[in-house]
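# A look at the structure
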Amino acid sequence: MHELVTLQHGLSESARKPFPHSDGTGPRVYIQTYGCQMNVSDSQTIESMLADSGYRFCGSAEEADVVLINTCMIRETAEVRALGQLANLSALKKGNPSRVIGILGCVAQAKRREILESHPYVDIVVGPDSYRRLPILLEERFISPPGSPGLLETTLLREELYDDILPRHHGGVTAFVTIIRGCDKFCSFCVVPRTRGRERSRPLPSILREVEHLSSKGVRDVMLLGQNVDSYRWEGHDFADCLAAVADLDGISRVRYMTSHPSDISDKLLETMGGHSKICPYLHLPVQAGSNRILREMNRPYTREHYLGIVTRARRLVPGIALSTDVIVGFPSETDAEFEETYSLMNEVRYDTAFMFKYSERPLTKASRIADDVPDAVKVSRLERLIELQQKIARERNELQLGTTTEVLIEGPAPKDKSMWSGRTPDFRPVVFPKQEEQVGDLVRVRLDSLSGFTFHASRLP
Ligand code: SF4
C-alpha cells in the first residue's frame, strides 16, 4: 500500500483513490472522438465501461486526469488530424506528468509501435477490439512509476461485440446502435478490415434490448450501424429481419441504417423498407467509382450496371427514397475517361447527398502496393468538378420538395433561433419551423415552404 501511495504522488485527489472508484468520484476522463459514427458509438461504449469503474467525464483535456483520443484512419486527412491532436497532448502531459494519455481506435491498431516509439508521453495504446481492457490498463498506468514504457493492447478478437454493454447515452432523441463489427470485404483502398478485424454480427436480442433501453431514455430515432450492415446474419436472420424487428418496437418512431454494400443489398431489404412506415426512406450506398475497370481495381465486386439496377429498384420499391453515396477520385491509374464515367454516373443517379474524396494511400492496403500515380492537381480538379455537379443536383432535388407536406421529428431548438424547432424529414433533410406547444421527440406534419442553403423553412399543418 505504501508503494501504491508513493507511486500515485503526482495524481489529483480523485485519481489517487483506490480502484475501482465505486463512490463515483474517480478520475475525470475526456474522450476526443474522430471519424465515423462507429467511432462515436465505440466512445459511448468506452464511457459506459469507465463509468461502471467510477470514472467521471469532463468537457476538456485540460481538466482531465485521463485524455483518450479515439482515432480514425479511413483517409489520410483523418489520420493527420488525429496525430496532430496527439502532438498537442505533449504540452498537456508536460503541464501535468501524471495525466494519462491514451490513443484508441484504428490508428492505434495500425500504428501501435510507431505511436509509442515516436510519442513517448503516450501511456496506453488500445485497438478497437480491446476496449474491455481499458479500466485495467488505466489502473495499471496510474500505479506505474513515472517514465514507464507505454502499455499496448491491440489484439483483434473475432468474438468481441461489446453486446453486453449499454453505451452511455448523451441525451437527445437520436442514437447510434452498432449491429455488426469488422469487415470482410477488403476493398483494395481500405484499411478497416486490418484495424477492425473480421466481420461478426451481434445477437438480435441484444440489439433489441439496447434499442428498448434507448427508447426508455427518450430516443425516438435510431441509426443501426455497421461497416456493411447488409452482411448481418444471426441465427437465420438477415439484416432485413433485424431492421423490421427494431422498427416494430414501441416507442421508436424512426429507424435508419448505414452503410450498405452494392454486392450484398437485397430486394428483400428494399421491400422491407418500402413496407414499413417507421423505416426511413434513405439509403447510403457507396459507389466509389463509375468505371468497371476501376471498381475491379478497388476490389468492389459489382459493375456500374449492377449498381444502377439497384438504384432503379430502390426508387421503385421505396417511394420517395433519398440516396447518398461515397466517391473516390484519382484512384491509382484512373484515366480522364474513367473519371468521366464516375461523373456521368453521378449525373444519372442524381444523389441527394454525396461524400466525395481524393484518393489517399492507406497503409496495409492492397492499393498501397501500387503507385499513387494520379497527380494531386488532377485529383483536385476532378474532385472540384464532382462537387460542383453534386451541389447543383442536391439544390435541384431539394427544390423539388418545396410545397410538399412531410413529417418532421423534432430534435431540439434551432441553433440560430431558439424560437424555432429544428428537426429532420424521414429522408433526412434538415427543417426549421416556429415553435408551438410541441415537445422534443414529437412528430409534426409540416409544409416545406422555402430553403435557406440546404435547410428547409416549414409551416406547421393542423
Ligand atoms: S466495405 Fe470496403 S470500404 Fe467499407 S469498410 Fe469494408 S473494406 Fe472498407
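As the structure is a prediction and not an experimental result, all values here were calculated from the model. (Residues numbered from 1 in each chain as written. Predicted model: local features only at pLDDT ≥ 70, side-chain atom pairs only at ≥ 80, totals over all residues. Heavy atoms only, no water.)

## Digging into the environment of Thr 312
In this fold, Thr 312 is placed in helix 13 (residues 304-317). Under the relative-accessibility criterion, Thr 312 is labelled exposed at 53%. Once the C-alpha coordinates of Thr 312 and Val 349 are considered, the two residues, 37 residues apart in sequence, prove to be 8.9 Å apart. (Helix = DSSP H or I, 4+ residues; strand = E, 2+ residues; numbered from the N terminus. Buried < 20%, exposed > 50% of the residue type's maximum accessible area, 1.4 Å probe, protein only.)

## Section: the pattern of salt bridges
One pass over the full model with this rule turns up 33 salt bridges. Between Arg 304 and Glu 348 there is a salt bridge; the shortest N-O distance is 3.9 Å. Of this pair, Arg 304 sits in helix 13 while Glu 348 is found in helix 14 (residues 336-349), placing the two residues 44 residues apart along the sequence. Here the salt bridges share partners, and the residues they tie into one network are Asp 352, Arg 397, Asp 427 and Arg 429. (Salt bridge = Lys/Arg side-chain N within 4 Å of Asp/Glu carboxyl O.)

## Comments concerning the sheet that holds strand 16 (residues 353-358)
Across the sheet, which stays open at both edges, the three strands sit in the order 14-15-16 with parallel pairing between neighbours. One side of each edge strand has no neighbouring strand; the edge strands of this open sheet are strand 14 (282-284) and strand 16. Between one strand and the next, the sheet's axes are offset by a mean angle of 10°, whatever the strand orientation. Bridge count between strand 15 (residues 322-329) and strand 16: six bridges; the pairing is parallel. Bridged to Thr 325 within strand 16 is Ala 354. Along the sheet, helix 15 (residues 376-401) makes contact with strand 15 and strand 16, crossing strand 16 at roughly 175°. (Pairing = 2+ DSSP bridges. Axes fitted to C-alpha atoms, helices over the stretch in contact; angles between N-to-C directions. Contact = heavy atoms within 4.5 Å.)

## Section: the domain arrangement of the protein
The domain architecture assigned to the protein consists of domain 1 (28-153) and domain 2 (404-460). If you average the C-alpha positions of domain 1 and of domain 2, the two centres end up 38 Å apart. (Domains from an automatic or database assignment.)

## A word on the side chain of Asn 70
Considering the arrangement of structural elements, one finds Asn 70 in strand 3 (residues 66-71). If near-sequence neighbours (up to four positions away) are discounted, Asn 70 is found in contact with Gln 32, Thr 33, Tyr 34, Asn 39, Asp 42, Ser 43, Leu 104, Gly 105 and Tyr 131.

## Here we look at the packing of helix 10 (residues 239-247) against helix 11 (residues 267-275)
Put simply, helix 10 and helix 11 touch, their axes get as near as 8 Å, and they point 15° apart. As judged from the angle between their axes, helix 10 and helix 11 are roughly parallel. Helix-helix and strand crossings are classified by hand; for helix 10 and helix 11 the assignment is right-handed. Every residue of helix 11 that contacts helix 10 at Phe 239, Ala 240, Asp 241, Leu 243 and Ala 244 is listed here: Lys 268, Leu 269, Thr 272 and Met 273. Per-class residue counts for the contact of helix 10 with helix 11 are six nonpolar, one polar and two charged. (Parallel < 35°, antiparallel > 145°, perpendicular 65-115°, else oblique. Left-handed = near helix turned anticlockwise from the far one by under 90°. Nonpolar A, V, L, I, M, F, W, Y, C, P; charged D, E, K, R; others polar.)

## Let's talk about the packing of aromatic side chains
A complete count under the given rule lists six aromatic pairs for this structure. A centroid spacing of 6.3 Å and a plane angle of 35° characterise the contact between Tyr 302 and Tyr 307, whose relative ring orientation is tilted. Looking at Tyr 302, the relative accessible area reads 5%, which means it is buried. In this structure Tyr 307 comes out as buried when scored by relative accessible area, which is 0%. Positioned over the ring face of Tyr 343 is Arg 385, at 4.3 Å from the centre of the ring. The ring centre of Trp 421 lies 4.8 Å from the NZ or CZ of Lys 435, which sits over that ring. (Phe/Tyr/Trp six-rings, centres within 6.5 Å; stacked < 30°, edge-to-face > 60°. Lys NZ or Arg CZ within 6 Å of the ring centre and 35° of its normal.)

## Let's talk about the site of the ligand
Inspection of the region around the ligand gives Cys 183, Lys 185, Phe 186, Cys 187, Phe 189, Cys 190, Val 192, Pro 193, Gln 227, His 261 and Arg 300 as its neighbouring residues. Grouping the constituent residues of the shell around the ligand by class yields seven nonpolar, two polar and two charged. (Near = heavy atom within 4 Å.)

## Details of the packing of helix 11 against helix 13
One can describe the packing of helix 11 onto helix 13 by two numbers: an axis separation of 9 Å at closest approach and a directional angle of 25°. Viewed along their axes, helix 11 and helix 13 adopt a mutual orientation that is roughly parallel. Seen from above, helix 11 lies across helix 13 with right-handed handedness. Along its contact with helix 11, which presents Asp 267, Leu 270, Glu 271 and Gly 274, the element helix 13 presents Ile 310, Arg 313, Ala 314 and Leu 317. Residues that form the contact of helix 11 with helix 13 fall into these classes: four nonpolar, one polar and three charged.

## Focus: the pairing of strand 3
The buried count for strand 3 comes to six of six residues, which makes it a mostly enclosed element. Of the two faces of strand 3, the one lined by Val 66, Leu 68 and Asn 70 and the one lined by Val 67, Ile 69 and Thr 71 are each fully buried. Taken together, the five bridges between strand 1 (residues 28-33) and strand 3 define a ladder with parallel strand orientation. Across the sheet, Thr 33 pairs through a bridge with Asn 70, a residue of strand 3.

## A short note on the side chain of Ser 291
Locating Ser 291 in the fold gives a position in the loop between strand 14 and helix 12 (292-297). The class for Ser 291 is buried, based on a relative accessible area of 1%. Setting aside residues no more than four positions away along its own chain, Ser 291 makes contact with Glu 338, Glu 341 and Thr 342.

## What to know about the sheet that holds strand 2 (residues 56-57)
Backbone hydrogen bonds hold the strands of a sheet together, and the pairing may be parallel or antiparallel. With respect to topology, six strands assemble into an open sheet ordered 2-1-3-4-5-6, the strand pairing being parallel. The open sheet has two edge strands with one neighbour each: strand 2 and strand 6 (151-153). One ladder, built from two bridges, connects strand 1 with strand 2; its direction is parallel. Among the inter-strand pairings, Arg 28 is bridged to a residue of strand 2, identified as Arg 56. On the sheet, helix 7 (residues 134-142) packs against strand 3, strand 4 (100-104), strand 5 (124-126) and strand 6 and is oriented at approximately 170° with respect to strand 5.

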